[in-house]
Amino acid sequence: MKMSNTSTKITTHILNICIILAGEDCTKKAEEGDMLTAEFHGFLANGHARFESSHDSKKPSSFKIGHGYMIKGLERGMLQVCVGEKRRIHIPAVLAYGKIGDGKNVPPGADLVYDVEVIHIQKGTTPPNIFAKIDLNKDKKISREEMGAFILETGRTVTLRGQSEIDNVVSEIFNLEDLNEDGFVDFEEFSGPKKGKHDEL
């Protein structure tokens with residue numbers, strides 16, 4: 001690996017990515033569906049208290065991107081990363097745990113900073129377009145009713161508990177996803193698997 005003389009900054013909306021160290025070979029870049037193996041440290045931006053780290057498990061972490069398994073900021077911040085690259089990703093609360101926090105170490109409304117070093121990239125398959133499956137009327141946004149119908153169709157364990165449980169799950173999802181609080185989850189807000197352009201749905 002070679003150290004870049006100056007860090008490269010990329011701003012994606014309100015997400016800030018600083019490339020601290022560039023890999024020697026960047027012909028393979030991470031895309032949605034890929035499995036990444038990386039060392040990482042997560043800090044609270046206000047005060048820099050560390051709240052999680054791959055060192056806690058004494059081994060690198062592996063995770064897929066593009067499947068909605070991670071917070072939005074990390075999903076977006078790891079796209080196009082190379083093996084051997086080190087990134088510092090500044091994630092605003094709206095792309096992290098929002099106004100409710102994680103219930104453990106991240107308080108409500110907290111901005112986060114992640115230091116990530118990618119060790120390996122395993123090419124994967126493009127994740128299914130879940131947004132298109134939920135957006136039944138194709139108006140480029142998901143209503144509470146559409147989300148509830150999707151859960152009713154796919155969430156057998158939840159549906160067995162009754163409609164009230166479905167409503168609770170929908171409310172939890174909208175608390176996290178409906179960033180502008182307009183009562184819908186649009187394409188940009190949705191953190192699950194989706195294509196790059198809604199017109200292709």
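Here we summarise the structure given alongside this text. (Residues numbered from 1 in each chain as written. Predicted model: local features only at pLDDT ≥ 70, side-chain atom pairs only at ≥ 80, totals over all residues. Heavy atoms only, no water.)

1. Considerations on the nonpolar core
In terms of nonpolar packing, the biggest core is built from 26 residues, with Leu36, Met78, Ile89, Ile91, Leu112, Tyr114 and Val116 touching the most fellow members. Sorting the residues of this core by element identifies strand S2 (15–21), strand S3 (35–44), strand S6 (86–91) and strand S7 (112–122) as the ones contributing at least two each. Broken down by element, the residue count for this core peaks at five residues, all from S7. Leave out the neighbours within four places in its chain, and Met78 touches Ala30, Leu36, Ile65, Arg87, Ile89, Val116 and Val118. Phe131, Val169, Val185 and Phe190 belong to the second largest nonpolar core, which has 14 residues in total. (Core = buried A, V, L, I, M, F, W, Y, C linked by side-chain atoms within 4.5 Å. Buried < 20%, exposed > 50% of the residue type's maximum accessible area, 1.4 Å probe, protein only. Helix = DSSP H or I, 4+ residues; strand = E, 2+ residues; numbered from the N terminus. Contact = heavy atoms within 4.5 Å.)

2. Quick look at the side chain of Asp178
With respect to the element layout, Asp178 can be found in the loop between helix H5 (163–177) and strand S9 (185–186). Put simply, Asp178 is tucked away with no salt bridge, and the nearest opposite charge, on Arg144, sits 6.1 Å away. Looking at Asp178, its side chain comes within polar contact range of the main-chain nitrogen of Asp182, at 3.2 Å. (Lys, Arg positive; Asp, Glu negative; His and termini not counted. Salt bridge = Lys/Arg side-chain N within 4 Å of Asp/Glu carboxyl O. Polar contact = N/O pair within 3.5 Å; in protein donor to acceptor, adjacent residues only side chain to side chain.)

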